[in-house]
Amino acid sequence: MDEKKVPLFSEIAETSPFIEMPELDWSSVTNDLEYTTFNSGTIIYQQDTIANNIYLVKKGRIRVDLYNYTGEFKSLFIASTGCLFGEVSTIDGLPNRGTAVATISSQVYLIPKARFELEMSSNIQFCNNVTLLLARKFRFLTAEVGLQSFYNSYYKVGFVLTHLIRSYGSKTDHGYRLNIGFTHQEMASLTGLSRVSVSKILSDFKSRGIIDKRNGSIFIPNIDELYRVLLENVRT
């Protein structure tokens, strides 16, 4: 199946929850800053607080989660290389919406607010980078509204698996292998489904040969079968 001939897949490519933009040049602020290493599970800032810095991922993965008052949460996006997070609080002066937590050991630049504001007022390339990044997040969040509003649970799980393959997959003799692990709870937080629902869907995918498990790794033996799941459920 040729992805370029199917509009659905061009849309998928632009709306991944895994935001990585290594092509952006942030050297105007990183040249004289030391990065901080956050171990897996470290909370970088809490929801509804005003942080003293804006954060830029050098290497690793930072998940930004939105919590309700009962402690349930939905993952908004995963920031990786070249992605800022926490910048909106500086732009609008309001508290950060979401809690940022390192999902693996991550190297992050902490950009002081005053430095961020100086670059925004005097550095056109920096402004362009921020604008491109905000546009990328807006496209994803727009797609997320559509995903939660119009598509069923099978589509949602297939959608996230597709992005995992695109971002962290490698081709092998047994199909595409996911080079990162994920729990059913993490998949649930990305899709907005319950852990039980995710477990049932992944079990069904395994029984149909859409996914396989070898030596502790997840494989997609035939990527076209995963794409068919999306096409079959795109309007249901």
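Residues numbered from 1 in each chain as written. Predicted model: local features only at pLDDT ≥ 70, side-chain atom pairs only at ≥ 80, totals over all residues. Heavy atoms only, no water.

What is the right way to look at a nonpolar patch on the surface in this model?
On the surface, a cluster of nonpolar side chains totalling about 230 Å² of accessible area is made up of V88, I91 and L134. Along the chain, I91 turns up in helix α3 (residues 87-92). (Patch = residues over 30% accessible without salt bridge, like charges linked within 9 Å, V, L, I, M, F, W, Y side chains within 5 Å. Areas by Shrake-Rupley, 256 points an atom, 1.4 Å probe, with all protein chains shown as cover. Salt bridge = Lys/Arg side-chain N within 4 Å of Asp/Glu carboxyl O. Helix = DSSP H or I, 4+ residues; strand = E, 2+ residues; numbered from the N terminus.)

Looking at this structure, I do not really get the layout of surface pockets. What am I missing?
Rolled over the atoms, a probe with the dimensions of a water molecule shows which regions are left empty. Approximately 380 Å³ is the volume attributed to the largest pocket. The wall of the largest pocket is formed by 19 residues, among which L76, F77, V88, R97 and L141 lie closest to the centre. Here the residues of the lining of the largest pocket are counted per class, giving 12 nonpolar, three polar and four charged. Estimates place the volume of the second largest pocket at around 250 Å³. What lines the second largest pocket is a set of 14 residues, and nearest its centre among them are F182, H184, I211, K213 and I218. Looking at the lining of the second largest pocket element by element, the count peaks at three residues for helix α8 (residues 195-207). Class assignment for the residues of the lining of the second largest pocket results in six nonpolar, five polar and three charged. (1 Å grid on protein atoms, 1.4 Å probe; cavity = no way out; pocket = protein on both sides within 12 Å on 5 of 7 lines; lining within 4 Å. Points joined across faces, edges and corners; volume = space filled by probe spheres on them. Nonpolar A, V, L, I, M, F, W, Y, C, P; charged D, E, K, R; others polar.)

How do you make sense of the packing of helix α7 (residues 184-191) against α8 when you look at a structure like this?
Axis angle and axis distance: for two packed helices, these are the angle between their axes and the distance between the axes, and together they describe the pair. Close contact between α7 and α8 brings their axes to 8 Å; oriented N to C, the two are set at 105 degrees. By the criterion of interaxial angle, the relationship of α7 to α8 is roughly perpendicular. Where α7 approaches α8, its residues H184, Q185, M187, A188 and T191 are matched on the opposing element by R195, V198, S199 and L202. Class assignment for the residues of the contact of α7 with α8 results in four nonpolar, four polar and one charged. (Axes fitted to C-alpha atoms, helices over the stretch in contact; angles between N-to-C directions. Parallel < 35°, antiparallel > 145°, perpendicular 65-115°, else oblique. Contact = heavy atoms within 4.5 Å.)

Just to check I follow, could you spell out the packing of aromatic side chains for this structure?
The way to describe two aromatic rings as a pair is by their centre distance and the angle between their planes. All chains considered together, the criterion is met by 11 aromatic pairs. Each ring, one from F18 and one from Y168, has its centre 5.5 Å from the other, and the planes form 90 degrees; the classification is edge-to-face. Within this pair, whereas F18 is found in strand β1 (residues 18-19), its partner Y168 is found in helix α6 (residues 153-168), the two being separated by 150 residues in sequence. Both residues of the pair, F18 and Y168, belong to the buried class. The rings of W26, F116 and F126 are connected pair by pair, giving a single aromatic cluster. Positioned above the aromatic ring of Y168 is the side chain of R61, whose terminal nitrogen or guanidinium carbon lies 5.0 Å from the ring centre. (Phe/Tyr/Trp six-rings, centres within 6.5 Å; stacked < 30°, edge-to-face > 60°. Buried < 20%, exposed > 50% of the residue type's maximum accessible area, 1.4 Å probe, protein only. Lys NZ or Arg CZ within 6 Å of the ring centre and 35° of its normal.)

The values are spatial; any link to function lies outside them.
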